[in-house]
There are 2 protein chains.
Amino acid sequence: MMVRFPLLVLVLIICALRCRMAKAESSPESGNGYTLASVREALVKQEDTIIYGLIERAKFPSNSHAYDKDYAAIKGFCGSLVEFVVKNTEALQAKAGRYKNPEENPFFPEYLPPSMVPSYPFTQILHPGAASININKSIWKMYFQEFLPLLATSGDDGNYAQTAATDLSLLQAISRRIHYGKFVAEVKFRDAPQDYEPLIRAKDKEGLMKLLTFTSVEEMVRKRVEKKAAVFGQEVSLNGEEEDNQKPKFDPSLASRLYQKWVIPFTKEVQVDYLLRRLD
Amino acid sequence: MMVRFPLLVLVLIICALRCRMAKAESSPESGNGYTLASVREALVKQEDTIIYGLIERAKFPSNSHAYDKDYAAIKGFCGSLVEFVVKNTEALQAKAGRYKNPEENPFFPEYLPPSMVPSYPFTQILHPGAASININKSIWKMYFQEFLPLLATSGDDGNYAQTAATDLSLLQAISRRIHYGKFVAEVKFRDAPQDYEPLIRAKDKEGLMKLLTFTSVEEMVRKRVEKKAAVFGQEVSLNGEEEDNQKPKFDPSLASRLYQKWVIPFTKEVQVDYLLRRLD
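The rules behind the values
The residue numbers shown here count from 1 along each chain, following its written sequence. Following the order in which they are written, the chains are lettered starting with A and the ligands numbered starting with 1. Local features in this predicted model are restricted to residues whose pLDDT is 70 or higher, and side-chain atom pairs enter the listing and the counts only when it is 80 or higher, whereas totals over whole chains, interfaces and linings include all residues. Note that water and hydrogens are dropped before the side-chain values are worked out from all heavy atoms of the structure. Helix numbering and strand numbering both begin at the N terminus, where a helix is a DSSP run of H or I of at least 4 residues and a strand a DSSP run of E of at least 2. Think of it in three bands: with a 1.4 Å probe and only protein chains considered, a residue is buried below 20% of the maximum accessible area for its type, exposed above 50%, and partly exposed in between. In what follows, residue pairs with any heavy atoms lying within 4.5 Å of each other are defined as contacts. Working definition: rings of Phe, Tyr and Trp (its six-membered ring) pair if their centres are within 6.5 Å, and the pair is stacked with planes under 30 degrees apart, edge-to-face with planes over 60 apart, and tilted otherwise. We call a charge positioned over a ring when the NZ of a Lys or the CZ of an Arg lies within 6 Å of the ring centre and within 35 degrees of the ring normal. By definition here, a salt bridge exists when the distance from a side-chain nitrogen of Lys or Arg to a carboxyl oxygen of Asp or Glu is within 4 Å. For the purposes of these results, a polar contact is taken to be a pair of N or O atoms within 3.5 Å, where, inside protein, one atom must be able to donate a hydrogen and its partner to accept one; residues adjacent in sequence count only when each atom of the pair is a side-chain atom. The superposition of copies rests on a least-squares fit of C-alpha positions from residues with pLDDT of 70 or more in both. Multiply 1.5 Å by the residue count of a helix minus one, and that product is the helix's expected span. Throughout, the bend at a residue refers to the angle made by two axes, fitted to the seven residues ending there and to the seven starting there. Per-residue confidence from the predictor is reported as pLDDT, a score between 0 and 100. Helix axes use the C-alpha atoms of the stretch in contact, all axes being lines fitted to C-alpha atoms, and the angles between their N-to-C directions lie in the range 0 to 180 degrees. By definition in this entry, angles of less than 35 degrees are roughly parallel, angles greater than 145 are roughly antiparallel, angles of 65 to 115 are roughly perpendicular, and the rest are oblique. Take the far helix as your reference; a near helix turned counterclockwise from it by less than a right angle gives a left-handed crossing, and one turned clockwise gives a right-handed crossing. Side-chain classes are defined by residue name, with Ala, Val, Leu, Ile, Met, Phe, Trp, Tyr, Cys and Pro counting as nonpolar, Asp, Glu, Lys and Arg as charged, and the others, Gly among them, as polar.

Caption draft 1: Examining the overall build of chain A more closely. The number of helices and strands found in chain A is 10 helices and 0 strands. Walking chain A from its N terminus toward its C terminus, one meets helices and strands in the order α-α-α-α-α-α-α-α-α-α. Taking all 280 residues of chain A together, the buried fraction comes to 54%. Of all intrachain contacts in chain A linking residues separated by at least 6 positions in sequence, the fraction that spans at least 24 positions is 76%.

If you want it as structure tokens, here you go:
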């Protein structure tokens with residue numbers, strides 16, 4: 001009995017979750033096309049983009065000159081080459097309308113010119129408070145100070161502009177995945193407001209974090225991401241071809257580590273931040 | 001005897017090619033780090049980048065507004081949104097030094113500001129005539145008029161800036177692969193100048209094209225690229241996970257078609273163009 005009880009609880013929780021998911025999928029309140037199922041699918045797709053980005057960045061060595069504030073010395077610009085590339089690329093993508101989509105969050109919002117293209121009717125399901133949530137400064141710091149030294153082998157091939165462009169694509173993919181937490185939180189909230197409202201009113205961050213945490217799901221995501229890294233990062237050759245270079249493009253466990261240590265915790269941080277504003 | 005003779009010839013050709021390859025790998029004349037083996041490895045790696053790029057572009061629908069000259073109407077700019085994004089991104093990457101690497105070729109060379117970063121000692125093995133070879137106008141036309149309609153499903157999700165950025169990354173990867181023909185031609189020339197010189201002096205384009213064509217190698221490349229597209233484009237899930245969405249990210253035979261119809265012929269065009277200037 002002692003052993004069976006937790007098992008029974010687990011089965012009941014799973015049933016309850018499945019019912020909720022089914023409800024969210026069919027509910028008209030579930031947010032104009034955003035459902036638990038569609039949000040899950042988007043997160044899974046975004047994993048692929050992040051893995052391709054990791055492989056592409058790992059093709060270049062560390063190229064430390066790209067990150068050295070004293071190296072570039074570009075007239076009229078104070079900062080490293082990667083800052084130059086990211087700030088200016090974001091500015092021109094802003095003119096082209098990138099940040100009108102509520103799924104996108106810039107790294108340097110203070111430098112953004114307005115969009116210069118006709119507006120598109122993106123589905124608006126988020127609470128207006130979402131617009132003020134942007135943790136890209138933390139993502140930037142994590143990426144350059146902690147993650148990149150693990151990913152890039154030391155060396156210098158002079159391709160600083162290309163390296164910076166690859167950093168930007170990868171950063172954008174990681175940022176989109178993390179800030180997608182706003183949509184995850186909104187869909188979860190609409191699905192069970194009675195569970196969230198008391199915690200939100202009590203500003204109970206810890207309680208919200210507990211309600212959002214499913215250890216077994218997180219474990220599954222990490223395993224899937226590592227498997228994707230192994231599949232997408234393998235050398236593919238035809239039968240009979242010589243295989244000169246069979247080392248993997250990067251260590252697949254790094255993808256899992258990125259998710260465990262940063263992507264998942266940051267996503268939950270965004271979810272809690274969003275929920276705390278949800279009733280304002 | 002009638003049957004054996006062509007077989008013997010084939011074996012002799014293969015032996016001769018292998019000897020050449022071994023010679024090129026060890027020869028000090030083979031170009032400061034560029035050898036037949038290293039050039040082959042670079043081409044194989046570039047396939048992966050192109051496949052990831054195809055998958056990323058296929059994630060978006062056609063988004064035709066991005067290519068419509070009348071849609072964007074950006075003040076002070078005449079052209080489509082994709083032209084706006086490509087021209088401006090190239091300009092800022094030029095400032096960051098991208099085009100100092102002889103492996104890179106811009107789509108809009110006429111709009112490029114000079115590099116603003118210290119110069120890097122890229123290996124210079126090409127004949128100076130290489131700098132005037134740029135077939136990006138043909139690549140641009142092929143990509144937007146012929147290939148993209150095959151790759152992107154019809155539809156509009158409003159992510160025009162993101163789509164244009166994805167187009168640019170893919171175009172850059174395809175362009176790099178095709179213009180790498182300059183390095184392929186240089187290494188082949190250094191390896192057997194006696195075969196090339198008479199044809200170059202006679203301006204014998206057809207003869208050069210024949211000398212550069214190995215149908216079985218081209219066939220192998222196409223097969224490998226299609227296999228890569230199938231491997232990298234598959235949905236990866238853990239055992240026991242539900243698989244809601246098992247359609248491939250794009251049709252792998254499209255990758256093979258891209259190579260057969262455009263990448264391989266354009267690369268050979270670059271090689272011939274380069275060789276014709278090699279003795280100037």
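Caption draft 2: Main features of the packing of aromatic side chains. Residues and elements named next belong to chain A. Counting across every chain of the model gives 33 aromatic pairs over all chains. Both rings, one in Phe 189 and one in Tyr 196, keep their centres 6.3 Å apart while their planes meet at 50 degrees; by these two values the pair is tilted. As far as the burial class goes, Phe 189 and Tyr 196 line up, both buried. A connected cluster of aromatic rings, assembled from ring pairs, spans Tyr 67, Phe 107, Phe 108, Tyr 111, Trp 140, Tyr 143, Phe 144, Phe 147 and Trp 262. The aromatic ring of Phe 108 is capped on one face by Lys 87, whose charged end is 4.9 Å from the ring centroid.

Caption draft 3: Geometry of the interface of chain B and chain A. At the interface, 57 residues of chain B touch 57 residues of chain A. The tally of links from chain B across to chain A stands at 2 salt bridges. The closest approach of N and O atoms between Lys 249 of chain A and Asp 48 of chain B, which form a salt bridge, is 2.7 Å. If you look at where chain B meets chain A, you find 20 residue pairs in polar contact (both at pLDDT 80 or more). Elements with a contribution of two residues or more to the side of chain B that touches chain A: helix H2 (36-58), helix H3 (81-95), helix H5 (160-179) and helix H9 (215-232) of chain B.

Caption draft 4: Molecular detail of unusual backbone geometry. In this structure, Asn 63 of chain A takes a positive phi of about 50 degrees despite not being glycine. Positionally, Asn 63 of chain A belongs in the loop between helix H2 (36-58) and helix H3 (81-95). Under the relative-accessibility criterion, Asn 63 of chain A is labelled buried at 0%. Of note, the phi angle at Lys 203 of chain B is positive, near 50 degrees, even though the residue is not glycine. Under the relative-accessibility criterion, Lys 203 of chain B is labelled exposed at 68%.

Caption draft 5: Spotlight on the relation of the copies chain B and chain A. The transformation that overlays chain B on chain A combines an axial shift of 0.0 Å with a rotation of 180 degrees, and the residual RMSD is 0.0 Å. Accordingly, the operation relating the two chain copies is best matched by a two-fold axis. Relative to the rotation axis, the closest C-alpha in chain B is found at Phe 232 of chain B, a distance of 2.5 Å. Comparing contact sets, 100% of the residues at the interface of chain B also lie at the interface in chain A, consistent with an isologous, same-surface contact.

Caption draft 6: How the structure looks around helix H4 (residues 136-151) of chain A. All names here are of chain A. Over its 16 residues, H4 extends only 19 Å from the first C-alpha to the last, a length that falls short of the 22 Å expected when each residue adds 1.5 Å. Of all the bends found along H4, the most pronounced is centred on Tyr 143 and spans about 40 degrees. Of the residues making up H4, those classed as buried are Asn 136, Ile 139, Trp 140, Met 142, Tyr 143, Phe 144, Phe 147, Leu 148 and Leu 151. In the core, the buried residues of H4 are packed alongside H2, H3, helix H5 (160-179) and helix H10 (252-277).

Caption draft 7: Representation of the confidence of the model for chain A in the model. Residue and element names in this part refer to chain A. Summing up the model confidence of chain A, the mean pLDDT is 89 and the portion of residues at 70 or higher is 86%. Scored below 50 in pLDDT, residues 13-30 shows 18 contacts in the model against residues more than four places distant or in partner chains. Note on the complex model: pTM 0.89, ipTM 0.88.

Caption draft 8: The packing of H2 of chain B against H5 of chain B, seen in detail. All names here are of chain B. Where H2 meets H5, the closest approach of the two axes is 9 Å, and the angle between their N-to-C directions is 160 degrees. Judged by the inter-axis angle, H2 sits roughly antiparallel to H5. The element H2 and its partner H5 pack so that their crossing is left-handed. Contacts between H2 and H5 involve Leu 43, Gln 46, Thr 49, Ile 50, Gly 53, Leu 54, Glu 56 and Arg 57 from the former and Thr 163, Thr 166, Asp 167, Leu 170, Ala 173, Ile 174, Arg 176 and Arg 177 from the latter. Residue composition of the contact of H2 with H5, grouped by class: 6 nonpolar, 5 polar and 5 charged.

Caption draft 9: Quick look at the packing of helix H6 (residues 181-191) of chain A against H10 of chain A. All names here are of chain A. H10 packs onto H6 with a crossing angle of 55 degrees between their chain directions and a minimal axis gap of 8 Å. One way to sum up the angle between H6 and H10 is to call them oblique. Note that H6 runs across H10; the crossing there is right-handed. Here Gly 181, Lys 182, Val 184, Ala 185, Glu 186, Lys 188 and Phe 189 of H6 lie close against H10, whose contacting residues are Thr 267, Val 270, Gln 271, Tyr 274 and Leu 275. Tallied by class, the residues present in the contact of H6 with H10 amount to 6 nonpolar, 3 polar and 3 charged.

Caption draft 10: A look at the environment of Leu 112 of chain B. Residues and elements named next belong to chain B. Residue placement: Leu 112 occurs in the loop between H3 and helix H4 (136-151). On the basis of relative accessible area, Leu 112 is assigned to the partly exposed category, the value being 25%. Distance from Leu 112 to Lys 75, taken between C-alpha atoms, is 20 Å for residues 37 residues apart in sequence. Sequence-distant contacts of Leu 112, defined by excluding residues within four places in its chain, comprise Glu 90, Ala 91, Ala 94, Tyr 99 and Pro 106.

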